[in-house]
Amino acid sequence: MANTVIRTARAVRGGRESVGSRPTGPRHPLVAAAMVLPLAALLAYFFGGVDAVVTQASSVAGLMGR
């Protein structure tokens, strides 16, 4: 059963690796974070998410008595 998947994947790719292909293994979590965080920060700033986080943090700090 497992060999069927491998044969199907090879048939779809043409039976060989394409030139310039990257490994398909999982990325290190820090690499993934470094790729996502700049875009996330830009979108949060653009859509006002930073202000919402600051407001929530100050509310929580007020409830904690700080």
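Along every chain, residues carry numbers that run from 1 in the direction the sequence is written. Given that the model is predicted, a residue must reach a pLDDT of at least 70 before its local features are reported, and side-chain atom pairs must reach 80 or more before they are shown or counted; all residues, however, enter totals for whole chains, interfaces and linings. For side-chain calculations, the full set of non-hydrogen atoms in the structure is used, while hydrogens and water are omitted.

**Q** Help me out: how do you make sense of the overall build of the protein chain in this one?
**A** Numbered from the N terminus, helices here are DSSP runs of H or I no shorter than four residues, and strands are runs of E no shorter than two. Counting secondary structure elements, the protein chain contains three helices and zero strands. Its helices and strands taken in sequence order, the protein chain reads α-α-α from the N to the C terminus. Burial status follows relative accessibility: with a 1.4 Å probe on protein chains alone, a residue under 20% of its type maximum counts as buried, one over 50% as exposed, and anything between as partly exposed. Going through the 66 residues of the protein chain one by one, you find that 0% of them count as buried. With the model as given, the accessible surface of the protein chain reaches about 6,300 Å², and the carbon-plus-sulfur share is 68%. Computed with a 1.4 Å probe, the accessible areas rest on the Shrake-Rupley method; for each residue, only the protein chains presented here act as cover.

**Q** Quick question: what am I supposed to make of the packing of aromatic side chains here?
**A** Any two of the Phe, Tyr and Trp rings considered here, Trp counted by its six-membered ring, make a pair once their centres fall within 6.5 Å; the pair's planes then place it as stacked at under 30 degrees, edge-to-face at over 60, or tilted in between. All told, the structure shown has one aromatic pair when counted by the stated rule. Relative to Phe47, the ring of Phe46 has its centre 4.9 Å away and its plane inclined at 85 degrees; by these criteria the two rings are edge-to-face. The class for Phe46 is exposed, based on a relative accessible area of 63%. Among the residues examined, Phe47 registers a relative accessible area of 63% and is labelled exposed.

**Q** Looking at this structure, how should I read the confidence of the model for the protein chain?
**A** Atom-level detail of predicted coordinates should not be read off regions where pLDDT is low. pLDDT measures how confident the predictor is about each residue, on a scale from 0 to 100. Looking at the protein chain, the pLDDT average stands at 79 and 64% of residues meet or exceed 70. At the level of individual helices and strands, the protein chain shows its lowest average pLDDT in helix α1 (residues 2-13), which scores 61, and its highest in helix α3 (residues 49-64), which scores 91.

**Q** Can you help me understand a nonpolar patch on the surface in this one?
**A** In this analysis, a patch consists of residues with relative accessible area above 30% that form no salt bridge, clustered at 9 Å for like charges and at 5 Å for the nonpolar side chains Val, Leu, Ile, Met, Phe, Trp and Tyr. When a carboxyl oxygen of Asp or Glu is within 4 Å of a side-chain nitrogen of Lys or Arg, the pair counts as a salt bridge. Residues Leu39, Leu42, Leu43, Phe46 and Phe47 make up a contiguous nonpolar surface patch of about 600 Å² in total accessible area. Within the fold, Leu39 resides in helix α2 (residues 29-46).

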